Amino acid sequence: MVARLENKVAIVTGAGSVGPGWGNGKATAVLFAREGAHVIAADREARAAEETAKIIVDEGGHCTVVEVDVTNRDSVAKMTDAVLYAHGCIDVLHNNVGITGQLGGPVDISEADWDQTFTVNVKSMYLTCSAILPAMLKAESGSIVNVSSVAAIRYTGIPYASYAASKAAVLQFTQSVALQYAAKGIRCNALLPGLIDTPMVRAHLTEHYGGVGEMLDRRNSASPTGRMGDAWDVAYAALYLASNEAKYVNGTYLVVDGGLTAGIGQHT
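Thresholds applied
- Residues numbered from 1 in each chain as written.
- Predicted model: local features only at pLDDT ≥ 70, side-chain atom pairs only at ≥ 80, totals over all residues.
- Heavy atoms only, no water.
- Helix = DSSP H or I, 4+ residues; strand = E, 2+ residues; numbered from the N terminus.
- Rg over C-alpha atoms; globule rule 2.2 N^0.38 Å.
- Buried < 20%, exposed > 50% of the residue type's maximum accessible area, 1.4 Å probe, protein only.
- Contact = heavy atoms within 4.5 Å.
- Lys, Arg positive; Asp, Glu negative; His and termini not counted.
- Charge placed at Lys NZ, Arg CZ, Asp CG, Glu CD.
- Arc of directions from axis to C-beta.
- Pairing = 2+ DSSP bridges.
- Axes fitted to C-alpha atoms, helices over the stretch in contact; angles between N-to-C directions.
- Core = buried A, V, L, I, M, F, W, Y, C linked by side-chain atoms within 4.5 Å.

A. Highlighting the overall build of the chain. For the chain, the count of helices and strands is nine helices and nine strands. Its C-alpha atoms give the chain a radius of gyration of 18 Å, near enough to 18 Å, the size a compact globule of 268 residues would have. Referenced to the eigenvectors of the C-alpha coordinate spread, the extents of the chain come out at roughly 50 × 35 × 35 Å. When each of the 268 residues of the chain is scored for burial, the buried share is 51%. For the chain, the proportion of contacts with a sequence separation of at least 24, taken over those separated by at least 6, is 75%. Where the 20 positive side-chain charges of the chain centre and where its 26 negative ones centre are 5 Å apart.

B. Helix 8 (residues 212-222), seen in detail. For helix 8, the set of buried residues is Met215, Leu216, Arg219 and Ala222. Buried positions in helix 8, seen along its axis, are confined to an arc of 140° and lie on one side of it. Every exposed residue of helix 8 that faces more than 90 degrees away from the buried side is listed here: Asp217 and Ser221.

C. Region of interest: the environment of Glu6. Looking at where Glu6 falls in the secondary structure, it is placed in the segment before strand 1 (9-13). Under the relative-accessibility criterion, Glu6 is labelled partly exposed at 38%. Once the C-alpha coordinates of Glu6 and Pro20 are considered, the two residues, 14 residues apart in sequence, prove to be 29 Å apart.

D. Region of interest: the sheet that holds strand 5 (residues 142-147). With parallel pairing, seven strands are arranged side by side in an open sheet as 3-2-1-4-5-6-9. The open sheet has two free edges, formed respectively by strand 3 (62-67) and strand 9 (253-256), since each of these has just one partner strand. Ignoring which end each strand starts from, the neighbouring axes of this sheet average 20° apart. Direction of pairing for strand 2 (residues 38-43) relative to strand 3: parallel, over a ladder of six bridges. For His38, the partnering residue across the bridge sits in strand 3 and is His62. Relative to strand 3, helix 2 (residues 46-58) is tilted by about 180°, and along the sheet it contacts strand 2 and strand 3. The strands that helix 9 (residues 231-242) touches are strand 4 (92-95), strand 5, strand 6 (186-193) and strand 9; relative to strand 6, the one it contacts most, it runs at about 165°.

E. Fine view of the nonpolar core. Membership of the largest hydrophobic core comes to 31 residues, with the highest contact counts inside it found for Phe32, Val39, Ile56 and Leu191. Breaking this core down by element, the ones donating at least two residues are strand 1, helix 1 (24-34), strand 2, helix 2 and helix 9. Contacts of Phe32, omitting those with residues within four sequence positions, involve Leu5, Ala10, Val12, Ala37, Val39, Val92, His94, Ala238, Leu239 and Ala242. In this structure, Leu93, Met125, Val177 and Ala178 belong to the second largest nonpolar core, which totals 29 residues.

Following this line, the structure appears as structure tokens:
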């Protein structure tokens, strides 16, 4: 059986992890490599990306680490040029970088936080697409996967106004890219993870719950399955959207939440 991303060049932004364990980007990068892709593990923290690359290489896969600030046009351009020089093409762009931002609504958060959240969560995707789409247009082929959140389509019970608004913006950006370039062989879709147990969640959401233990208990109990998902649930969904199996899937979003958003009044 041919691997699902055999001989594809795939950029995964945010391929490192903020702490021990499996983050969404780390798991996606490893899974893409297992499915035959040459992965470009892109991250602002080179050491984190190198940990991901080591896993891939130790398993016999192919991975190149690129240190990049996806909120900076010059940094993104430098990454894109390096990948094209080395490989001649970019088949998959997986936009995984994101932050939760400051807890609170419009009265609580600062203007600086609002701007930073949109810069990291939305502008980064604009910059990567701006740099990489010309190569995909030349090849008349490419798959872009943008990581959004269920917070884009419903209130989750956590007052993260800047985060929710930025993730909603990702959905419309995804559709705009998808429809503009569909006739050129390029697809663009979004992933909407729900309650996922990752190092980032443990590092940044505990303030809302009062501690890691309480957070895990409440988030597990809020899921219709009785447990949160993990980074591999997100990674396998990303693999499907990136692969040719999804060749007629474009301009839409895939919810990965165990049924959470199908329920009524379930908050975390």
